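# Summary of structural features
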Amino acid sequence: MEDCLFCKIIAGKIPAKKVYEDDKVLVFEDITPQAPTHLLIIPKQHIIGLKEARPEDAEILGYCQLVAAKLGRERNIEDGYRTVYNVGARSGQSVFHLHLHLIGGRDMKWPPG
Ligand code: AMP
Ligand code: ZN
């Protein structure tokens with residue numbers, strides 16, 4: 001999608017610190033990290049967000065979670081991390097291309113803010 005920041009990162013038009021890539025997803029460092037590990041896992045196909053996902057997107061949604069779990073293992077943060085979708089502007093969603101946050105490497109509070 002032309003006007004989408006994350007589609008531009010996928011296309012290589014905007015730089016990002018890439019961590020992992022395959023035919024389905026791209027993973028890169030969040031530009032404003034909220035923890036020692038803060039990665040964004042994004043599908044290469046443009047999906048606006050979780051509430052816009054369709055039944056046929058189930059596989060890619062599950063795949064993003066499994067990629068997060070793999071990276072959590074590799075980064076040795078399995079003592080505590082979160083995978084988070086912000087859904088809708090009121091939750092803080094600011095980029096409208098689906099992205100799974102992987103946040104870890106520090107103590108976290110519950111409930112989140
Ligand atoms: P959200 O608020 O859930 O929509 O998350 C969007 C995330 O994208 C935020 O955590 C931003 O820090 C991050 N972000 C915005 N622009 C970039 C960029 N150019 N490269 C990497 N991360 C970005
Ligand atoms: Zn996009």
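One structure accompanies this document, and this report is about it.

### A look at the sheet that holds strand β2 (residues 25-29)
Pairing is antiparallel across the open sheet formed by five strands, whose spatial order is β1-β2-β3-β5-β4. Whereas interior strands pair on both sides, the edge strands pair on one side only; in this sheet they are β1 (18-21) and β4 (81-84). With strand direction ignored, the average angle separating the axes of adjacent strands in the sheet is 15°. Direction of pairing for strand β3 (residues 37-43) relative to strand β5 (residues 100-104): antiparallel, over a ladder of five bridges.

### With respect to the coordination of the zinc ion (ligand 2)
Each pair of donors in an ideal four-coordinate tetrahedral metal site encloses 109.5 degrees, whereas pairs in an ideal six-coordinate octahedral site enclose 90 or 180 degrees. For the zinc ion (ligand 2), the full set of protein donor atoms is Cys4 (SG), Cys7 (SG), His46 (ND1) and His97 (ND1), and the range of their distances to it is 2.0 to 2.3 Å. Here the donor residues of the zinc ion (ligand 2) are spaced in sequence according to C-x2-C-x38-H-x50-H.

### Points about the pattern of salt bridges
Between side chains of opposite charge, a pair can form as their charged atoms come close. Scanning all chains against the criterion turns up eight salt bridges. The partner of Lys18 in a salt bridge is Glu21, and the shortest N-O contact between them spans 4.0 Å. Taking the relative accessible area as the measure of exposure, Lys18 reaches 45% and is therefore partly exposed. The class for Glu21 is partly exposed, based on a relative accessible area of 40%. Between Arg75 and Glu29 there is a salt bridge; the shortest N-O distance is 3.3 Å. Taken together, the positions of Arg75 in the loop between α2 (58-74) and β4 and Glu29 in strand β2 put the pair 46 residues apart, joining distant regions of the chain. On the accessibility criterion, Arg75 (30% relative accessible area) is partly exposed.

Conventions used here
- Residues numbered from 1 in each chain as written.
- Chains lettered and ligands numbered in written order.
- Predicted model: local features only at pLDDT ≥ 70, side-chain atom pairs only at ≥ 80, totals over all residues.
- Heavy atoms only, no water.
- Pairing = 2+ DSSP bridges.
- Helix = DSSP H or I, 4+ residues; strand = E, 2+ residues; numbered from the N terminus.
- Axes fitted to C-alpha atoms, helices over the stretch in contact; angles between N-to-C directions.
- Donors = N, O, S within 2.8 Å, 3.2 Å for Na, K, Ca; no water.
- Salt bridge = Lys/Arg side-chain N within 4 Å of Asp/Glu carboxyl O.
- Buried < 20%, exposed > 50% of the residue type's maximum accessible area, 1.4 Å probe, protein only.

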